[in-house]
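One-letter residues, chain by chain:
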Amino acid sequence: MSFHYPCFSRLKSNLGRIDAICGYATLAVDLLAEDLQQNNNPREWLSGSAKLHGIVLHSVDEELLPRRLAQMFIVTVHAQLEEFLQSFLEEHTAVQTWDKRRDGEALFQYVLKNLGMLHQTSCAKDREVTEYYRLIRNRFSHIKVNSKQVENQRKQVRELLKVEEDHLPQKSYEA
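Residues numbered from 1 in each chain as written. Predicted model: local features only at pLDDT ≥ 70, side-chain atom pairs only at ≥ 80, totals over all residues. Heavy atoms only, no water.

Undergrad: What exactly am I supposed to notice about empty space enclosed by the protein here?
TA: The probe, sized like a water molecule, is rolled over the atoms to show the empty space still left. By the definition in use, this model includes one cavity of 30 Å³ or more. By volume, the largest cavity is sized at about 50 Å³. Forming the boundary of the largest cavity are Cys-7, Arg-10, Leu-11, Asn-14, Gln-80, Glu-83, Phe-84 and Ser-87. For the lining of the largest cavity, the secondary structure elements donating two or more residues are helix 1 (6-38) and helix 3 (65-91). Classifying every residue of the lining of the largest cavity gives three nonpolar, three polar and two charged. (1 Å grid on protein atoms, 1.4 Å probe; cavity = no way out; pocket = protein on both sides within 12 Å on 5 of 7 lines; lining within 4 Å. Points joined across faces, edges and corners; volume = space filled by probe spheres on them. Helix = DSSP H or I, 4+ residues; strand = E, 2+ residues; numbered from the N terminus. Nonpolar A, V, L, I, M, F, W, Y, C, P; charged D, E, K, R; others polar.)

Structure, rendered in structure tokens:
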């Protein structure tokens, strides 16, 4: 039997639960969109349904909803990564010998640097994809994040992964 950090087992379990929640939420939004399209007065139907369930709704852009939902999923999953990395720092014995984390240094970058993986080509794709989604999370959570930096990272990831079509991942922040 191979060794696994307890934080890794928790990460897998938590991501499984989050994946299910994201699936349910996506299905719910899709079903709601179908109901709205089939209704003669979608705004009135939506308002009445919300009231029936004790939910206060304000104006919602139905076209923006799937994108915002996807962005919230990214924030949720990235929070799990951050939790995993924090737990890893508590569970890994060698951490005590590492230099302190610099101000503004991303936790993921700090861990990779100290594990000697920051510049390894064998993990470049995973590292750059993770960095892209970290930037997406930051862009969603902190409006002042540089959009150009996000797009540059997206281009870099797509080149690494040899993605040529626009509808394939990694999609732009707006998509």
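Undergrad: Is there a simple way to think about the pattern of salt bridges in this case?
TA: Opposite charge on two side chains lets them pair, provided their charged atoms get close. Per the stated rule, a full pass over the model turns up six salt bridges. The closest approach of N and O atoms between Glu-91 and Arg-10, which form a salt bridge, is 2.9 Å. With Glu-91 in helix 3 and Arg-10 in helix 1, this pair connects stretches of sequence that are 81 residues apart. According to the relative accessible area criterion, Glu-91 is partly exposed, its value standing at 24%. The shortest N-O distance in the salt bridge between Glu-105 and Lys-113 comes to 3.0 Å. Taking the relative accessible area as the measure of exposure, Glu-105 reaches 8% and is therefore buried. (Salt bridge = Lys/Arg side-chain N within 4 Å of Asp/Glu carboxyl O. Buried < 20%, exposed > 50% of the residue type's maximum accessible area, 1.4 Å probe, protein only.)

Undergrad: Before we go on, may I ask you to explain the environment of Val-75 in this structure?
TA: By secondary structure assignment, the location of Val-75 is in helix 3. Residue Val-75 is classed as partly exposed on the basis of its relative accessible area of 23%. Measuring from C-alpha to C-alpha, the distance between Val-75 and Ser-141 comes to 7.9 Å, with 66 residues separating the pair along the chain. Sequence-distant contacts of Val-75, that is, excluding residues within four places in its chain, are made with Arg-137, Phe-140 and Ser-141. (Contact = heavy atoms within 4.5 Å.)

Undergrad: Is there a simple way to think about unusual backbone geometry in this case?
TA: Negative phi characterises most residues that are not glycine, and trans characterises most peptide bonds. We note that Lys-162 has phi near 60°; this positive angle belongs to a residue other than glycine. Structurally, Lys-162 can be placed in the segment after helix 6 (147-160). Judged by relative accessible area, Lys-162 falls into the exposed class, the value being 69%.

Undergrad: Even after reading the chapter, I still don't get the packing of helix 5 (residues 124-141) against helix 6, so can you show me in this structure?
TA: Each pair of packed helices can be described by the angle between their axes along with the distance between the axes. Here helix 5 crosses helix 6 at 155°, and the two axes come no closer than 9 Å. On the basis of the axis angle, helix 5 is roughly antiparallel to helix 6. Taken as a pair, helix 5 and helix 6 cross one another with a handedness that is left-handed. Packed against helix 5, whose contacting residues are Ala-124, Lys-125, Glu-128, Val-129, Glu-131, Tyr-132, Leu-135, Ile-136 and Arg-139, the element helix 6 presents Ser-147, Gln-149, Val-150, Gln-153, Arg-154, Gln-156, Val-157 and Leu-160 at the interface. Taken together, the residues of the contact of helix 5 with helix 6 sort by class into eight nonpolar, four polar and five charged. (Axes fitted to C-alpha atoms, helices over the stretch in contact; angles between N-to-C directions. Parallel < 35°, antiparallel > 145°, perpendicular 65-115°, else oblique. Left-handed = near helix turned anticlockwise from the far one by under 90°.)

Undergrad: Explanation requested: the layout of surface pockets in the structure shown.
TA: In this structure, the largest pocket encloses a volume near 560 Å³. Breaking the lining of the largest pocket down by element, the ones donating at least two residues are helix 1, helix 3, helix 4 (107-114) and helix 5. Ranked by residues supplied to the lining of the largest pocket, first place goes to helix 3 with seven residues. Of the residues assigned to the lining of the largest pocket, the class counts are 18 nonpolar, two polar and two charged. In this model, the second largest pocket occupies a volume close to 450 Å³. The wall of the second largest pocket is formed by 17 residues, among which Leu-32, Leu-36, Leu-46, Leu-57 and Leu-65 lie closest to the centre. Contributing elements (two or more residues each) for the lining of the second largest pocket: helix 1, helix 2 (42-52) and helix 3.

Taken by themselves, the reported measurements are silent on function.
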